[in-house]
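Coordinate inspection notes
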Amino acid sequence: MNNTTDRPKCWPVLPLDSWQDTYTTLHMWTQIVGKVRLRLTPLVNHWWNVPLYVTARGLTTSCIPYGDKSFELRFDFIHHQLVLETSDAIVKTLPLRPQSVAEFYKEFFAMLRSAGIEVKIWPMPVEIPKPIRFDQDQEHSSYDPEAVAKFWRILLSVSVVFQQFRSRFIGKSSPVHFFWGSFDLAVTRFSGRKAPPRDGADSITREAYSHEVSSVGFWPGAGFAGPAFYSYMAPEPPGFRTAQVQPASAHYDHTLGEFVVMYDDIRAASSPSEALLAFCESTYEAGAQAAKWDRDSLERSSP
């Protein structure tokens, strides 16, 4: 990787408590937009039709079909606006500013209707404690553009590393994508073997974990005192949790059932990109070895 990705501006400081309210509000906004994609696109294996994708300006739904046209929704974290573009040349914008989730919800669907797009979503947030209906949420209303810009800058840097990590695998692999439910950026590798059924799993979980996986991702703060990276195997093979992985600050979290390394430890490394890649590679190798994946047929040979 180009060492310019290790410049300090590529890995800014972003403690969770410095933008917790904005984080929570933005999380709800991405869920509202993401649910439109979920509603209008066909199911793709492991819910790959659901996430958003990192762009040079923020996050996008990618192209969404709608009748005889298509449209795209983009969070622009440079000009701080939500952009709607359609295949019949309509462009509309919604400013990202301090406003309640309920106000955003109302203005967002008004923007869609003004472009001839009628869609209904389930108005309840997912994967959070104590959810409030989007159209009734007056509690969450913060938007700090500087903090959001830092968050996006981190996503850009992490995405570069995850893409590099993904390129070394020739088996089935997910895109590098941003799940708005859990608000994390992730990439997942597959062994090619079906996973045993999970007792008591709901339909969402059964679809997500129908096959053996090794997944790595970035959380900007949920569940931790600050932003962190995670890596897990599903199902987890014996011996995985006791493996020696890199960097030295990484550890296995027995509550989560995942290896974790804090973002601040990565950004403090002499090469954050190399430290993160080492975390990705070492945790994957530990899991693939323990689970007896056919690595010769799944991994790209070194030139």
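Predicted, not measured: the structure shown is a model, and the values here were computed from it.

For the rest of this paragraph, the subject is helix H2 (residues 101–114). A rise of 1.5 Å per residue sets the reference length of H2, with its 14 residues, at 20 Å; its end C-alpha atoms lie 20 Å apart and thus fit the reference within 8%. All of the buried residues in H2 are Val101, Ala102, Phe104, Tyr105, Phe108, Phe109, Met111 and Leu112.

In this structure, Phe75, Phe104, Phe108, Phe162, Phe229 and Leu276 are the most contacted members of the largest nonpolar core, which totals 79 residues. No other element matches helix H3 (residues 145–167), which puts 11 residues into this core. Setting aside anything within four residues of it in sequence, one finds Phe104 in contact with Trp29, Ile32, Val33, Phe75, Leu82, Leu94, Leu96 and Gln99. With 11 residues, the next largest nonpolar core counts Val213, Trp219, Tyr230 and Val260 among its residues.

On to the pattern of salt bridges. Two side chains that carry opposite charge are able to pair once their charged atoms sit near each other. The tally for this structure, following the rule as stated, stands at 9 salt bridges. In this structure, Arg133 engages Asp135 in a salt bridge whose closest nitrogen and oxygen atoms are separated by 2.7 Å. Given a relative accessible area of 31%, Arg133 falls into the partly exposed group. According to the relative accessible area criterion, Asp135 is partly exposed, its value standing at 32%.

The end-to-end C-alpha distance of helix H6 (residues 272–290) is 27 Å, a good match for the 27 Å that 19 residues give at a rise of 1.5 Å each. With respect to burial, H6 is a largely interior element, 14 of its 19 residues being buried. Lys292 sits one or two positions beyond H6 and adopts a positive phi of about 60°.

Here we take up the sheet that holds strand E7 (residues 177–179). Strand order in this open sheet of 6 strands is E7-E8-E9-E10-E12-E11, and the pairing throughout is antiparallel. With partners counted over all chains shown, the strands left at the sheet margins are E7 and strand E11 (251–253), one partner each. With strand direction ignored, the average angle separating the axes of adjacent strands in the sheet is 35°. Pairing of E11 with strand E12 (residues 258–262), which is carried by 3 bridges, proceeds in the antiparallel orientation. In the sheet register, Tyr252 faces E12, and the bridge partner there is Phe259. Lying on the sheet, H3 is in contact with E7, strand E8 (184–194), strand E9 (211–219) and strand E10 (228–234); it crosses E8 at an angle near 20°. The strands touched by H6 within the sheet are E8, E9, E10 and E12, with E10 carrying the most contacts at an inclination of about 15°.

Criteria and cut-off values
- Residues numbered from 1 in each chain as written.
- Predicted model: local features only at pLDDT ≥ 70, side-chain atom pairs only at ≥ 80, totals over all residues.
- Heavy atoms only, no water.
- Helix = DSSP H or I, 4+ residues; strand = E, 2+ residues; numbered from the N terminus.
- Expected span 1.5 Å × (residues − 1).
- Buried < 20%, exposed > 50% of the residue type's maximum accessible area, 1.4 Å probe, protein only.
- Core = buried A, V, L, I, M, F, W, Y, C linked by side-chain atoms within 4.5 Å.
- Contact = heavy atoms within 4.5 Å.
- Salt bridge = Lys/Arg side-chain N within 4 Å of Asp/Glu carboxyl O.
- Pairing = 2+ DSSP bridges.
- Axes fitted to C-alpha atoms, helices over the stretch in contact; angles between N-to-C directions.

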